[in-house]
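# Coordinate inspection notes
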Amino acid sequence: MWQDFKQKYLVGFWNPLPAVIALGILSTYYFGLSGSLWAVTGEFTRWGGHILQLLGVDIDKFSYYQIQNMSGTPLSRNDGIMVIGMFLGCLIASLWANNFKIRFPKNKIRIAQGFIGGIISGFGARLAMGCNLANFFTGIPYFSVHTWVFTIFMIIGVYIGTKFISLPCFLPKLKIEKVTSQKPLVATKGRAKFLFLLGCVIFLISIFWMVWLTYSSPIPQNKTFPILGMALGFGISFGFIIARAQICFTSAFRDLFMTGRSQMAKAVFIGMMVSSIGVFSYLMLGNAPKLSWMGPNIVLGGLLFGFGIVLAGGCECGWMYRAIEGQVHYWIVGIGNVIGTMILALSWDYYGETLATSWPKINLLEIFGNYGGLIVNYILLFLAFFLILWTQKRFFNKKISQNIKGI
Amino acid sequence: MIPDYRLDLQGEPCPYPAIITLQELPKLYDGEILEVLSDCPQSINNIPIDAKNHGYKVLKVEQQGTTIRYLIQK
């Protein structure tokens, strides 16, 4: 029984669709309980700021770090604790599944791709005030118009990115080789057992930390209960789920354009349909909405972000579990990301007002009224879903006509 | 199950394993089997589905530690 359970739920990968729906529901509860979004780049920006502080830079001179609210440390902010929880969740998942191994990129060009793509996507995400999470998956259900505009331009960026990374210089020079037997794979039973136990130890420590935080952390001013322990729990769950189901938001549109696969894109929109009504209910109960400026920064940031994540091979959420699994490529992407946020923050004062802060924040629930805005959001979500189906159909029709021409 | 060809894509991050697999599969004769090896865990969400979508038959998916073996028939 235990072996079956372990094999099915802790070792074998999960189906992405139920996982994405679970993420949609959990992120909505997280918003209801803590008032924060499930987001990661904002916190990575603060980590970049702390690194600059350590290097002796006076970051108070830069207004972007004021917008980001640098007060506290990663261990005292709920965003910080949540992100640390995500790393722990990813680690537990990869250890339990014997999916931890230091993997170096085979192809040197991937290092450049990961680093430059990471910088571009980190810069783009912060220019637009959010990544695939706060501006897309946990953005669209929150009724701010900028998230829809971001999504459209991100998809255009992804499309350009897919054309770019399919250039011959990026493709591996591998051909099929004739064989007469399967390649023997090294059995790793002892290693699997050790990693599983290590995963259990980290899991238990995480649980103790969560309980301790719940009892020891102060109650925030506008809350009636402590939230740090809960933020850690949510973070662990988010991390565990994205690693177990290998959730990759980057692949949603990239692979729709590259190989005609629509599973992830459809899953993401179904997840957002599930969470949008939940977010609406919390907004009606009085949670403050999450709005951002609708300026040219969204258009530019979306394009850069879309292109950057495809070049790098993963977004801010996607590199986390892959880096933890030991994929060196994604360590480089992560470093690139943080550098990208630093470049943005240090240069923001030259263009921030023109491109972003002087523009209005537009809320669908204010333009169309509460129910009107809810309906408009759902119409757009369904429309996007049908566009995905149409794109997939078009991809395969085109492929068939190309094959006929080829004959 | 004895494969006719092999593609060892270990060390390549996604989406490249799926792209190369789809690029090489048409070179097989009908009925021949290709063995694909990947250590990109994400390939579990793309190689089998892409192969099926593009008209190939996925015979077996096997996970051994960080390596995943796919046996695909044209």
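To keep things clear, this report deals only with the structure shown in the data block. Keep in mind that this is a model prediction, so the values were computed, not measured. (Residues numbered from 1 in each chain as written. Chains lettered and ligands numbered in written order. Predicted model: local features only at pLDDT ≥ 70, side-chain atom pairs only at ≥ 80, totals over all residues. Heavy atoms only, no water.)

For the rest of this paragraph, the subject is the overall build of chain B. Looking only at helices and strands, chain B has two helices and four strands in total. In sequence order, the secondary structure elements of chain B are arranged as β-α-β-α-β-β. Taken over the C-alpha trace, chain B has a radius of gyration of 11 Å; the compact-globule value for 74 residues is 11 Å, and the two agree within 12%. Over its C-alpha atoms, taken along the principal directions, chain B stretches across nearly 30 × 20 × 15 Å. For chain B, the residues scored as buried account for 69% of the 74 residues in total. Within chain B, contacts between residues at least 6 apart in sequence are counted, and of these 70% link residues at least 24 apart. For chain B, the accessible area works out to roughly 2,400 Å², and carbon and sulfur atoms hold 48% of it. Side-chain charges of chain B comprise 7 positive and 10 negative groups, with the mean position of each set lying 6 Å from the other. (Helix = DSSP H or I, 4+ residues; strand = E, 2+ residues; numbered from the N terminus. Rg over C-alpha atoms; globule rule 2.2 N^0.38 Å. Buried < 20%, exposed > 50% of the residue type's maximum accessible area, 1.4 Å probe, protein only. Contact = heavy atoms within 4.5 Å. Areas by Shrake-Rupley, 256 points an atom, 1.4 Å probe, with all protein chains shown as cover. Lys, Arg positive; Asp, Glu negative; His and termini not counted. Charge placed at Lys NZ, Arg CZ, Asp CG, Glu CD.)

All names here are of chain A. Where helix H6 (residues 109–127) contacts helix H13 (residues 296–312), the axes come no closer than 7 Å and their chain directions differ by 155°. Classified by the interaxial angle, the pair formed by H6 and H13 is roughly antiparallel. Crossing of H6 over H13 shows left-handed handedness. Contacts between H6 and H13 involve Gln113, Gly114, Ile116, Gly117, Gly118, Ile120, Ser121, Phe123, Gly124, Ala125 and Leu127 from the former and Asn297, Leu300, Gly301, Leu304, Phe305, Phe307, Gly308, Ile309, Leu311 and Ala312 from the latter. For the contact of H6 with H13, the per-class residue count stands at 12 nonpolar, nine polar and no charged. (Axes fitted to C-alpha atoms, helices over the stretch in contact; angles between N-to-C directions. Parallel < 35°, antiparallel > 145°, perpendicular 65-115°, else oblique. Left-handed = near helix turned anticlockwise from the far one by under 90°. Nonpolar A, V, L, I, M, F, W, Y, C, P; charged D, E, K, R; others polar.)

Before going further, it helps to spend a moment on the pattern of salt bridges. Under the definition given, this model contains 12 salt bridges over all chains. A salt bridge links Asp79(A) to Arg46(A), with the nearest nitrogen and oxygen atoms 3.3 Å apart. Highlighted residues: Asp79(A) in helix H5 (residues 78–96) and Arg46(A) in helix H3 (residues 41–54), separated in sequence by 33 residues. Each member of the pair, Asp79(A) as well as Arg46(A), carries the same accessibility label: buried. Across the pair Arg69(B) and Glu35(B) runs a salt bridge whose closest N-O atoms are separated by 2.4 Å. Here Arg69(B), found in strand E4 (residues 67–73), pairs with Glu35(B), found in strand E2 (residues 33–38); they are 34 residues apart in sequence, far enough to count as distant. When its relative accessible area of 5% is taken as the criterion, Arg69(B) is described as buried. The structure contains a network of salt bridges with shared partners spanning Glu43(A), Arg46(A), Arg77(A) and Asp79(A). (Salt bridge = Lys/Arg side-chain N within 4 Å of Asp/Glu carboxyl O.)

Residues Phe203(A), Leu204(A), Ile207(A), Phe208(A), Val211(A) and Tyr215(A) make up a contiguous nonpolar surface patch of about 650 Å² in total accessible area. By secondary structure assignment, the location of Ile207(A) is in helix H9 (residues 189–216). (Patch = residues over 30% accessible without salt bridge, like charges linked within 9 Å, V, L, I, M, F, W, Y side chains within 5 Å.)

Moving on to the packing of aromatic side chains. Residue and element names in this part refer to chain A. Taken as a whole, this structure holds 31 aromatic pairs over all chains when the rule is applied. Seen from their ring centres, Tyr30 and Phe234 are 5.2 Å apart, and the 50° between their planes marks the pair as tilted. With a gap of 204 residues between them, Tyr30 in helix H2 (residues 16–34) and Phe234 in helix H10 (residues 228–244) connect regions that are remote in the sequence. Look at Phe234 and you get buried, because its relative accessible area is 10%. Ring centres of Phe385 and Phe386 lie 6.3 Å apart, and the angle between their planes is 90°; this geometry places the pair in the edge-to-face category. Residue classification places Phe385 among the buried residues on the basis of a relative accessible area of 17%. By relative accessible area, which is 54% here, Phe386 ends up exposed. (Phe/Tyr/Trp six-rings, centres within 6.5 Å; stacked < 30°, edge-to-face > 60°.)

With that out of the way, let us pick up the packing of H3(A) against H5(A). Residues and elements named next belong to chain A. Running from N to C, H3 and H5 point in directions that differ by 105°, and their axes come no closer than 9 Å. Between H3 and H5, the angle is such that the two are roughly perpendicular. Of the residues in H5, those in contact with Glu43, Phe44, Arg46 and Trp47 of H3 are Asp79, Gly80, Val83, Ile84 and Phe87. The class makeup of the residues in the contact of H3 with H5 is five nonpolar, one polar and three charged.

All right, on to the sheet that holds strand E1 (residues 5–8) of chain B then. Here we have five strands laid out as an open sheet, ordered E1(A)-E1(B)-E2(B)-E4(B)-E3(B), and mixed in their pairing. Looking at strand neighbours, the two that pair on one side only are strand E1 (177–178) of chain A together with strand E3 (57–64) of chain B, the edges of this open sheet. Judged from the six bridges that link them, E2(B) and E4(B) form a sheet pairing that is antiparallel. Within the sheet, the bridge partner assigned to Ile33(B) lies in E4(B) and is Gln73(B). (Pairing = 2+ DSSP bridges.)

Owing to its 3.6 residues per turn, the α-helix aligns residues three or four sequence positions apart on the same side. Residues and elements named next belong to chain A. Compared with the 27 Å implied by 1.5 Å per residue over 19 residues, the 26 Å span of H2 between its first and last C-alpha is a close match. Where H2 is concerned, the buried positions are Pro16, Ala19, Val20, Leu23, Gly24, Ser27, Thr28, Tyr30, Phe31, Gly32 and Ser34. On the buried face of H2, the contacting elements are H5, helix H7 (133–137), H10 and helix H12 (263–284). In this structure Asn15 caps H2, since a side-chain oxygen of it lies 3.2 Å from the backbone nitrogen of Leu17. Of the residues trailing H2, Gly35 is marked for its positive phi of about 80°. (Expected span 1.5 Å × (residues − 1). Polar contact = N/O pair within 3.5 Å; in protein donor to acceptor, adjacent residues only side chain to side chain.)

A word on the pairing of E2(B). All names here are of chain B. Most of E2 is tucked away, with six of its six residues classed as buried. On E2, burial covers both faces: Ile33, Glu35 and Leu37 on one face and Leu34, Val36 and Ser38 on the other are all buried. The sheet contact formed by E1 and E2 spans four bridges and is parallel. Within the sheet, the bridge partner assigned to Tyr5 lies in E2 and is Leu34. Handedness of the crossover joining E1 and E2 through helix H1 (residues 16–24) is recorded here as right-handed. (Right-handed = clockwise from strand over helix to strand, strands pointing away.)

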